[in-house]
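# Structural characterization, general
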Amino acid sequence: MTANQVASEVFSRATSDEVTLDPQDWDALRALGHRMVDDMFGMLETVGERPVWEPLPEEVAAHLTQAAPHEGEGVERAYADFLTDIYPYPLGNINPRFWGWVMGTGTPLGMLSSMLAAGMNFNVRGGNTAASLVETQVLGWLKELLGYPAEASGLLVSGGSVANLTGLTVARNQGAEIDLRQHGVGAAPRPMTLYASAETHSSVQRAVEVLGLGSESLRLIPCTADFEIDITALRQAITEDRASGTHPFCVVGNAGTTNTGAIDDLNALADLCEREGLWLHVDGTFGALAHLVPSLRPRLAGMERADSLTFDMHKWLSLPYGVGCVLVRDAAAHRAAFAMTPPYLALGSRGPMSGPHWFMDRGIELSRPFRALSVWLSLKAYGAAAFAGVIEQNVSQARYLADLIAAAPELELLAPTGLNVVCFRFVTGDHDEAALDAINQELLLRLQEGGVVLPSNAAVGGRSGIRAAITNHRSRGEDFDLLVAEVQRVGSEVAAEDAIGNVAR
Ligand SMILES: *Cc1c(COP(=O)(O)O)cnc(C)c1O
């Protein structure tokens, strides 16, 4: 008998009152599944007609504080609860007029790929499975598309924060003057220091803290007027630290800062790191993907020289949360930071534990979801060119928005718009700086609560303003006309109220 025959024989014999979580009525659950697909397509197809964000009504919020269900209410009723308590209240990032923080929009195909990945339910720790080959293939595609060396190692992770933590772990262990895995940071003969611009994302500091180095070891270097790291100040800080007995080991460069989209001079950083024997980690969480667009590529020159590089697919590649990536040039160094093989995970030369694809040895996760599938399916279906088209469009939309702002007398740009982030504020001739800060803060909250457009806050050069980070494939030119009109309308309202003292300071 073949394995197939054995399996179908035992399957047909099973009668059993033993419990399972499979449905008793497969057809009923299948029909519900079809309705779920229809409901989500219904939402996504018309999402632009809805308010961007709405507060959760109190009675709905109360449902979401109920105690743990010991007895089930049934699949139909549980889904009905989803439809009343969750479905009507998206965060807004699926809406064409959302540009808050830096978030991805998602795609209908990405949604379906999440279902397929959950259905297959691979545990992608590695080994001899299709999912392992898919992740390896996707990492290969990403290296090729970003111009990163093919022999580099990599790993898909939950997002930029974990990608930065993973890359910086390798940097720390490689830079240490001791066997850091064995002895720990406390045994380092000199304090280890690393360097990044003051505009660097907070996840880098969090990684440094988690790595046991302490936030003081992260030297924040001042920026130029364009919010790029000041290379002269960086060089000076390294020299001074060396002279005072610390051990510089790493520089973190930015390929697209969260605040303004600034890109550090990555070739200058790579030159400096080469000369000084330092690890170059580049945080390209959203900006690295601008490399897909030929006209933007020169701005990222030097990124391919990074020892480690991080970027997210759930931001500017529009895939569903959460999928990010870390690439590490030196594959052996990557493995050396994490590899560990207890007897119960012994590798084999045959069977499911065989093969070269071991993701559990490249990061902190053992059990891992099938993150690669949404990337694989989406790149195969649409091609890298489609994603490049979205990125290019977002960058020209940012330029369009910046031009509208520059032309509006009540509006003022707060930072240069080099990539896809536009920072600006509402100004009047009648208010001092403190009043303008208060007006812009109130204006932003009214915009966000109003549900027509959703930017987030700019905090640039000590001034409060409004920031649109455009990573949205659904936005159209008209949406930015509306943003400017709304800022002017609501801003004039707030400024008039402020004149009579209504805005709390
Ligand atoms: C968003 C962001 C991060 C953090 O990424 P997550 O996916 O949110 O963990 C890190 N760096 C930059 C520049 C970012 O914009």
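Before reading further, recall that the structure is shown in the block above.
A quick note: this is a predicted structure, and the numbers were derived from the prediction, not measured. (Residues numbered from 1 in each chain as written. Predicted model: local features only at pLDDT ≥ 70, side-chain atom pairs only at ≥ 80, totals over all residues. Heavy atoms only, no water.)

## Concerning the overall build of the protein
Stated precisely, the cut-off is as follows: Starting at the N terminus, helices and strands are each numbered in turn, a helix being any DSSP run of H or I of at least four residues and a strand any DSSP run of E of at least two. Taken over C-alpha atoms, the radius of gyration is set against a globule rule of 2.2 Å times the number of residues to the power 0.38. Whether a residue is buried, partly exposed or exposed follows from its accessible area with a 1.4 Å probe, protein chains only, as a fraction of its type maximum: under 20%, in between, or over 50%, in that order. Note on areas: Shrake-Rupley with a 1.4 Å probe; residue coverage comes only from the protein chains shown. We count Lys and Arg on the positive side and Asp and Glu on the negative side, and we leave His and both chain ends out. To locate a charge, take atom NZ for lysine, CZ for arginine, CG for aspartate or CD for glutamate.
Each helix and strand counted, the protein has 16 helices and 11 strands in total. In summary, the protein has a C-alpha radius of gyration of 26 Å against a globular reference of 23 Å for 505 residues, a match within 12%. A principal-axis box enclosing the C-alpha atoms of the protein has dimensions of 85 × 60 × 45 Å. Taking all 505 residues of the protein together, the buried fraction comes to 49%. Taken as a whole, the protein presents about 23,700 Å² of accessible surface, with 55% of it coming from carbon and sulfur. Distance from the positive charge centre (36 side chains) to the negative charge centre (60 side chains) of the protein: 7 Å.

## Comments concerning the pairing of strand E4 (residues 247–254)
What counts here: Only strands that DSSP links by at least two bridges are regarded as paired with each other. With its strands directed away from the observer, a crossover is right-handed exactly when the path from the first strand over the helix to the second travels clockwise.
Burial runs high along E4: eight of the eight residues are buried. The pairing of strand E2 (residues 192–197) with E4 spans five bridges and is classified as parallel. From the neighbouring strand, threonine 193 faces E4, where its bridge partner is proline 248. Read as a crossover between parallel neighbours, the route from E4 over helix H11 (residues 266–276) to strand E5 (residues 279–283) is right-handed.

## A few points about the pairing of strand E9 (residues 421–426)
E9 sits mainly inside the fold: six of its six residues count as buried. Both faces of E9 are covered, namely the face carrying Val421, Cys423 and Arg425 and the face carrying Val422, Phe424 and Phe426. Pairing analysis gives three bridges linking strand E8 (residues 411–413) to E9, with the strands arranged antiparallel. Bridging from a neighbouring strand, glutamate 412 pairs with arginine 425 of E9. Judged from the four bridges that link them, E9 and strand E11 (residues 463–469) form a sheet pairing that is antiparallel. Bridged to phenylalanine 424 within E11 is isoleucine 466.

## Brief notes about the packing of helix H7 (residues 160–175) against helix H12 (residues 331–338)
Counted only if it meets this: Throughout, an axis means a line fitted to C-alpha atoms (over the contacting stretch in the case of helices), and angles, computed between N-to-C directions, take values from 0 to 180 degrees. These descriptions rest on fixed angle ranges, namely under 35 degrees for roughly parallel, over 145 for roughly antiparallel, 65 to 115 for roughly perpendicular, and the rest for oblique. Any two residues whose heavy atoms approach within 4.5 Å are treated as being in contact. Ten residues, namely Ala, Val, Leu, Ile, Met, Phe, Trp, Tyr, Cys and Pro, are considered nonpolar, four, namely Asp, Glu, Lys and Arg, are considered charged, and the remaining ones, Gly among them, are considered polar.
Put simply, H7 and H12 touch, their axes get as near as 9 Å, and they point 95° apart. Relative to H12, the element H7 lies roughly perpendicular. Across from Thr166, Thr169, Val170, Asn173 and Gln174 in H7, the residues of H12 making contact are Ala333, His334, Ala337 and Phe338. For the contact of H7 with H12, a count of residues per class yields four nonpolar, five polar and no charged.

## Some points on the packing of aromatic side chains
So the rule is basically this: Only centres within 6.5 Å qualify two rings of Phe, Tyr or Trp (six-membered ring in Trp) as a pair; their planes then separate them into stacked at under 30 degrees, edge-to-face at over 60, and tilted for everything else.
Scanning the model with the defined rule gives seven aromatic pairs in all. Between phenylalanine 98 and tryptophan 101, the ring centres sit 6.2 Å apart and the planes meet at 40°, which makes this aromatic pair tilted. For tryptophan 101, a relative accessible area of 37% puts it in the partly exposed group. Here phenylalanine 122 and phenylalanine 370 contribute two aromatic rings whose centre-to-centre distance is 5.1 Å and whose plane-to-plane angle is 75°, an arrangement assigned as edge-to-face. Highlighted residues: phenylalanine 122 in the loop between helix H5 (108–120) and helix H6 (130–145) and phenylalanine 370 in the loop between H12 and helix H13 (372–382), separated in sequence by 248 residues.

## Observations concerning the nonpolar core
Condition: Note on terminology: a nonpolar core comprises buried Ala, Val, Leu, Ile, Met, Phe, Trp, Tyr and Cys residues joined through side-chain atoms within 4.5 Å.
Within the largest apolar cluster, 98 residues are counted, with the highest numbers of intra-cluster contacts made by Leu156, Leu234, Val251, Met303, Leu309, Phe311 and Met313. The next biggest cluster of nonpolar side chains, apart from the first, holds 25 residues, and it includes Leu401, Ala402, Phe426 and Ile439.

## Focus: the environment of alanine 68
Its location among the elements puts alanine 68 in the loop between helix H3 (58–63) and helix H4 (75–85). Overall, alanine 68 belongs to the exposed group, its relative accessible area being 57%.

## Some thoughts on the sheet that holds strand E3 (residues 218–221)
Strand pairing in a sheet relies on backbone hydrogen bonds, with the paired strands running either antiparallel or parallel. Taken together, seven strands build an open sheet; the order of strands is E1-E7-E6-E5-E4-E2-E3 and the sheet is mixed. In this open sheet, the two strands that pair with only one neighbour each are strand E1 (153–157) and E3. Recorded for the sheet is a direction-independent mean angle of 20° between the axes of neighbouring strands. Contacting E1, strand E6 (308–312) and strand E7 (324–328), H6 runs over the sheet at an angle of about 110° to E1.

## Re the site of the ligand
Note the following rule: Put simply, a residue is near a molecule or strand once any heavy atom of it comes within 4 Å of that molecule or strand. Two N or O atoms form a polar contact when they lie within 3.5 Å of each other; inside protein one atom must be a possible hydrogen donor and the other a possible acceptor, and for residues adjacent in sequence the pair counts only when both atoms belong to side chains.
The environment of the ligand is formed by 14 residues, the closest being Gly160, Ser161, Asp283, Asp312 and Lys315. A distance of 3.1 Å is found between an oxygen atom of the ligand and a side-chain nitrogen or oxygen belonging to threonine 258. A distance of 2.7 Å is found between a nitrogen atom of the ligand and a side-chain nitrogen or oxygen belonging to aspartate 283. Taken by itself the ligand offers 380 Å² of open surface, and the protein chains cover 85% of this. If you tally residues by element for the shell around the ligand, the top one is H7, at three residues.

## Digging into the sheet that holds E11
Ordered in space as E8-E9-E11-E10, the four strands form an open sheet in which the pairing is antiparallel. Pairing within the sheet leaves two strands with one partner each, and these edge strands are E8 and strand E10 (456–460). On average, each strand axis in the sheet is inclined to that of its neighbour by 45°, with strand direction left out of account. On the sheet, helix H15 (residues 433–450) packs against E9, E10 and E11 and is oriented at approximately 35° with respect to E11.

## Regarding unusual backbone geometry
Of note, the amide linkage connecting tyrosine 321 to glycine 322 takes the cis form, showing an omega dihedral of -10°. Of note in the backbone geometry, asparagine 121 takes a positive phi value of approximately 50° without being a glycine. Examined against the element boundaries, asparagine 121 turns out to sit in the loop between H5 and H6. A residue is classified by how much of its surface remains accessible, and asparagine 121, at 60% relative accessible area, is exposed. Phi is positive for phenylalanine 227, which is not a glycine, with a value near 65°. With respect to the helices, strands and loops of the structure, phenylalanine 227 is situated in the loop between E3 and helix H10 (231–243).

## Looking at the environment of leucine 109
If you trace the backbone, leucine 109 turns up in helix H5. For leucine 109, a relative accessible area of 18% corresponds to the buried category. The sequence separation of leucine 109 and leucine 377 amounts to 268 residues, and the corresponding C-alpha distance is 8.1 Å. Setting aside chain neighbours within four positions, we find leucine 109 in contact with Leu377, Ser378, Ala381 and Tyr382.

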